[in-house]
Amino acid sequence: MDFKSSDTLTPGAVTGPREQDVLPATAAAAAKIVIVGGFGVGKTTMVGSVSEIRPLTTEETMTQAGIGVDDNYGSETKTATTVAMDFGRISISEELVLYLFGTPGQERFWFLWNGLFEGALGAVVLIDTRRLQVSFDVIGRLEERGVPFIIAVNDFPNAPRHPVSALRTALDLDERVPIVSCDARQRASSKDTLMTLVRYLHSLALARA
Ligand SMILES: Nc1nc2c(ncn2[C@@H]2O[C@H](COP(=O)(O)OP(=O)(O)O)[C@@H](O)[C@H]2O)c(=O)[nH]1
Ligand SMILES: [Mg+2]
């Protein structure tokens, strides 16, 4: 297996955490958030763009198992697919830290979902409107598990733009589920998306109380 890690050790480099790697002393609460979606929707990109720590990414060069299975329409140049997960961290406020887990949505990786969704507060489902069908199963699985989620439409060039109401119908979503658009490459956009999820989780908690 051919692994590529975003964290490489340079011989002779100063070891120990960098300043931005150290958890702020004011951090009082941590939440686990899962970022999920089909192949090539931008999960690794999103974790990479918002993470304060060097994101940890495990990618395997696409194998036979993916041929004819991974629908890589629109991402023909992509040669690596995440087998395990992406991991990152972001401080949303002085007190609240989110731990981000990017998880593949392909059926052959569903065994990973058991452990990874344990204790997760909520999820971001990344959507590529050119390939909506890859999201159906992912959404169904989240609903089965009772994991609250929001939909983030990743704006790929030449991807059709549907009105929010049409997307909601196509994905058969409850009217409360927020749908936002984002550019996973932009830190601010990815952070806004996570803030939408946090606000949504907060509103659900208030409604329960
Ligand atoms: N235009 C555009 N490209 C994106 C966006 N997010 C990701 N990409 C590109 O889409 C490809 C797949 O993204 P990646 O994060 O590897 O997808 P993953 O399989 O879900 O982890 C990469 O080449 C990214 O640069 C986005 O918001 N806009
Ligand atoms: Mg990935």
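Now for a look at the structure at hand.

Analysis parameters
In this convention, every chain numbers its residues from 1, walking through the sequence in written order. Going through the entries in the order they are written, you letter the chains from A and number the ligands from 1. At least 70 in pLDDT is required for a residue's local features to be given in this predicted model, at least 80 for side-chain atom pairs to be given and counted, and no such filter applies to totals for whole chains, interfaces and linings, which use all residues. The basis for the side-chain values is all heavy atoms of the structure; hydrogens and waters are excluded. Any residue with a heavy atom lying within 4 Å of a molecule or strand is counted as near it. Polar contacts, as used here, are pairs of N or O atoms within 3.5 Å; protein pairs need one atom able to donate a hydrogen and one able to accept it. Residues neighboring in sequence count only if both atoms are side-chain atoms. Note on areas: Shrake-Rupley with a 1.4 Å probe; residue coverage comes only from the protein chains shown. Put simply, DSSP marks the helices as runs of H or I at least four residues long and the strands as runs of E at least two long, and each gets a number from the N terminus on. Side-chain classes are defined by residue name, with Ala, Val, Leu, Ile, Met, Phe, Trp, Tyr, Cys and Pro counting as nonpolar, Asp, Glu, Lys and Arg as charged, and the others, Gly among them, as polar. Stacked, tilted and edge-to-face are the three classes applied to pairs of Phe, Tyr and Trp rings, where Trp contributes its six-membered ring and a pair requires centres within 6.5 Å; stacked means planes under 30 degrees apart, edge-to-face means over 60, and tilted covers the rest. Burial classes follow relative accessibility: with a 1.4 Å probe on protein chains only, a residue under 20% of its type's maximum area counts as buried, one over 50% as exposed, and anything between as partly exposed. Charge-over-ring contacts are defined here by two conditions on Lys NZ or Arg CZ: a distance within 6 Å of the ring centre and an angle within 35 degrees of the ring normal. Residues enter a nonpolar core if they are buried and are Ala, Val, Leu, Ile, Met, Phe, Trp, Tyr or Cys, with the set joined through side-chain atoms within 4.5 Å. The contact criterion used is simple: two residues touch if any of their non-hydrogen atoms lie within 4.5 Å. Salt bridges are identified by distance alone: a Lys or Arg side-chain nitrogen within 4 Å of an Asp or Glu carboxyl oxygen. Fitted lines through C-alpha atoms give the axes, limited to the stretch in contact for helices. The angle between two N-to-C directions lies from 0 to 180 degrees. Each angle is binned into one of four classes, with values under 35 degrees roughly parallel, values over 145 roughly antiparallel, values of 65 to 115 roughly perpendicular, and all other values oblique.

### A short note on the site of ligand 1
Argument step 1. Around ligand 1, a shell composed of 15 residues is seen, among which G40, K43, T44, T45 and N154 lie nearest.
Argument step 2. The backbone of G40 places a nitrogen or oxygen atom 2.9 Å from an oxygen atom of ligand 1.
Argument step 3. Contacts to ligand 1 include A184, whose backbone N or O atom sits 2.9 Å from an oxygen atom.
Argument step 4. In isolation ligand 1 has 580 Å² of accessible area, and contact with the protein removes 80% of it.
Argument step 5. Sort the elements by how many residues they give to the shell around ligand 1 and helix α1 (residues 43-50) lands first, with three residues.
Argument step 6. Tallied by class, the residues present in the shell around ligand 1 amount to four nonpolar, six polar and five charged.

### Observations regarding the packing of aromatic side chains
Argument step 1. Taken as a whole, this structure holds two aromatic pairs when the rule is applied.
Argument step 2. An angle of 10 degrees between the planes, with centres 6.0 Å apart, marks the rings of F87 and Y99 as stacked. A residue pair is termed long-range when its members are at least 10 positions apart, and F87 in strand β4 (residues 80-91) and Y99 in strand β5 (residues 96-104) qualify at 12 residues.
Argument step 3. Taking the relative accessible area as the measure of exposure, Y99 reaches 25% and is therefore partly exposed.
Argument step 4. Three or more aromatic residues link up through ring pairs in this structure, and these residues are F87, Y99 and F101.
Argument step 5. Stacked on the ring of F101, the Lys or Arg K32 has its end atom at 5.0 Å from the ring centre.

### Describing the nonpolar core
Argument step 1. Counting residues in each nonpolar core, the largest one holds 48 residues, and the members touching the most others are L98, L100, V125, L142, F149, I151 and L194.
Argument step 2. Once residues lying within four places of it in the same chain are set aside, the contact partners of L142 are V36, W113, F117, A123, V125, V147 and F149.

### Observations regarding the pattern of salt bridges
Argument step 1. Under the definition given, this model contains five salt bridges.
Argument step 2. Its salt-bridge partner being D128, residue R131 comes within 3.4 Å of it at the nearest N-O pair.
Argument step 3. Its relative accessible area of 1% is what places D128 among the buried residues.
Argument step 4. In this structure, the salt-bridge partner of R185 is D183, at a minimum N-O distance of 2.7 Å.
Argument step 5. Here the residues in one salt-bridge network are D128, R130 and R131, joined through shared partners.

### Observations concerning the packing of α1 against helix α5 (residues 187-208)
Argument step 1. Put simply, α1 and α5 touch, their axes get as near as 8 Å, and they point 100 degrees apart. In this view, α1 runs roughly perpendicular relative to α5, as classed from their interaxial angle. For the pair α1 and α5, the contacting residues are M46, S49 and V50 in the first and R187, S190, K191, T193 and L194 in the second.
Argument step 2. Class assignment for the residues of the contact of α1 with α5 results in three nonpolar, three polar and two charged.

### With respect to the side chain of R89
Argument step 1. One can find R89 in strand β4.
Argument step 2. Looking at R89, the relative accessible area reads 5%, which means it is buried.
Argument step 3. Sequence-distant contacts of R89, that is, excluding residues within four places in its chain, are made with Q20, D21, V22, L23, P24, V50, S51, E52, I53, V97, L98 and Y99.

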